[in-house]
Every structure is written in structure tokens, then in C-alpha cells.
Amino acid sequence: YNLGDMYEEGKGLPQSYETAAGWYEKAAEIGNSTAMNNLGFMYAEGNGVPQSYEAAAGWYEKAAEIGNSTAMNNLSFMYTEGNGVLQSYEAAAGWYEKAAELGNSTAMKNLGWMYEKGNGVPQSYEAAKQWYENAAEIGNSTAMKNLGWMYEKGNGVPQSYEAAKQWYENAAELGNSTAMNNLGFMYAEGNGVPRSYEAAKQWYEKAAELGNSTAMKNLGWMYKKGNGVPQSYEAAERWYEKAGGIR
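Residues numbered from 1 in each chain as written. Predicted model: local features only at pLDDT ≥ 70, side-chain atom pairs only at ≥ 80, totals over all residues. Heavy atoms only, no water.

### Points about helix H4 (residues 53-65)
Here is step 1: The end-to-end C-alpha distance of H4, which contains 13 residues, comes to 18 Å, matching closely the 18 Å that a straight helix rising 1.5 Å per residue would cover.
Here is step 2: Along H4, the residues that are buried comprise Ala56, Ala57, Trp59, Tyr60, Ala63 and Ala64. Buried residues of H4, seen end-on, are gathered within an arc of 165° and therefore sit on one face of the element. Seen from the open side of H4, the exposed residues pointing more than 90 degrees away from its buried face are Glu54 and Glu65.
Here is step 3: Against the buried residues of H4 lie helix H2 (17-29), helix H3 (33-45), helix H5 (69-81) and helix H6 (89-101).
Here is step 4: Where H4 ends, the next residue or the one after it, glycine 67, has phi of about 95°, a positive value. (Helix = DSSP H or I, 4+ residues; strand = E, 2+ residues; numbered from the N terminus. Expected span 1.5 Å × (residues − 1). Buried < 20%, exposed > 50% of the residue type's maximum accessible area, 1.4 Å probe, protein only. Arc of directions from axis to C-beta. Contact = heavy atoms within 4.5 Å.)

Rendered as C-alpha cells:
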């Protein structure tokens, strides 16, 4: 497995997906679940092997069946999208729950999302909040951002800009660009904070530096309207073009 990782990443050895896949397969054959998961990812992306969602799902499932929580999370995503397996929110939720029970914060966050939307489970803001909190407690910034959104909109919790701001700040400190953008919007609108275009611009810029296209659009809007910045259609157009180039 370690040789596979070194070839995949080019750590001290020439980078080669093909060679990495070969070493992962050898490790997978003797029961290494991380190698199985990594091989699944290579098939999903077509890195060094023919792209095949069916093969990816097969390797993820093998790893998941012997307790690999990352593979469980990846398999859930395949069921959510219907990639290589029959689309099933119920199956996705089942694997997310297994991974969450093993402490996988991404699975906790994803399970929260499924409860929030009612995909494969009964819709429940209460359950969504609980899973988001579980994930947030162990450092998942997307879960923190999602909690911020719940409080901002009052979805299943008492509406509170103060609580929303705190969760967004927690997520932003961990580099979550969506949380940064949402903080910028709160400052631009004066939601729960004194309106400050300067603070809005700072948060939008931080998010934009991380590639957040919504923040780029928001900066474009500020320049178009001259909110907190010198009015400039040229600067607005530049930000809109940057945002449009991100897919």
C-alpha cells in the first residue's frame, strides 16, 4: 500500500498512476482496506486504470465490508448519485450511518444533509442538527457552515443571526470559503451585525482567494454598485469573468 501511495503522489518516486494502481491491487488482494478504497477512487476517476464506476463501487464495497469508514462514505456517494450502482438514497443513508458510527465526520455531515432534505430518511431538522453538531465537534467545517445556515434561516432552530455568525466564523477559521462568503453577506446586509461594506469586502475577498465563485460575483456586485468600494464597471466585469470561469 505504501508504495502505491508513493507512486500515486510522486513522493520520492516518479509519479505514476499505473504503477500505483498495481501496488494498491497487490495490497488489496491481501486485505488492506485503505488500498481497496484508494483503488476504488482510481477507478472512479480513471487514474491509471480504465474509468469504471462499477469497479469503483466494487472496491469501495469490499473495503466498507471490512470496516473502512472512508470507503463507506464513498460508497454512499455512489448510491446518492447512482454511479455504478442503482441510485438509492436509502442505501446511501445506511452506509453514511455506518461510517458515522465509526467517527467519520464527513459521513456525519452528509447524514445531517440527508435528514435536512429528507433524502432516504424521514425529513428532520432535529436529526440534521444533531449530526451536524456531532461532525462540528470533531472539526468538520462544512457541518459548522451548515449549522450557521440553519440558524440564519431558522430551520428547525430558533432563528439567530448571532449563532449563525458564530458557526460561520468557526468554519471560516478552518478555511471554509462558503462560510466566509456567508459572513460577507451578513455584513453587507447588516444581518445581526452592524452593516459594514468594508468587512463584507474582506470576507468576500478571502473566499474569492480560495476560488469561491459566489464570493467573486458578490465582489463584482459591490464594484458595480460602488458599495464600500469606488464604483467601477471594469472591476465588476473582472470579478464576474473570474466567477464565470469557475466550473
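From this point, the discussion proceeds with the structure in view.
### Structural notes on a nonpolar patch on the surface
Here is step 1: A cluster of nonpolar side chains, Leu3, Met6 and Trp23, forms an exposed patch at the surface whose accessible area comes to about 230 Å².
Here is step 2: Summarising the element assignment, tryptophan 23 is placed in helix H2. (Patch = residues over 30% accessible without salt bridge, like charges linked within 9 Å, V, L, I, M, F, W, Y side chains within 5 Å. Areas by Shrake-Rupley, 256 points an atom, 1.4 Å probe, with all protein chains shown as cover. Salt bridge = Lys/Arg side-chain N within 4 Å of Asp/Glu carboxyl O.)

### Re the packing of helix H9 (residues 141-153) against helix H11 (residues 177-189)
Here is step 1: In the contact formed by H9 and H11, the axes pass within 10 Å of each other and the chain directions differ by 30°. It follows from the interaxial angle that H9 and H11 lie roughly parallel. Pair H9 / H11 crosses with left-handed handedness. Where H9 approaches H11, its residues Lys145, Trp149 and Glu152 are matched on the opposing element by Thr178, Ala179, Asn182 and Met186. (Axes fitted to C-alpha atoms, helices over the stretch in contact; angles between N-to-C directions. Parallel < 35°, antiparallel > 145°, perpendicular 65-115°, else oblique. Left-handed = near helix turned anticlockwise from the far one by under 90°.)

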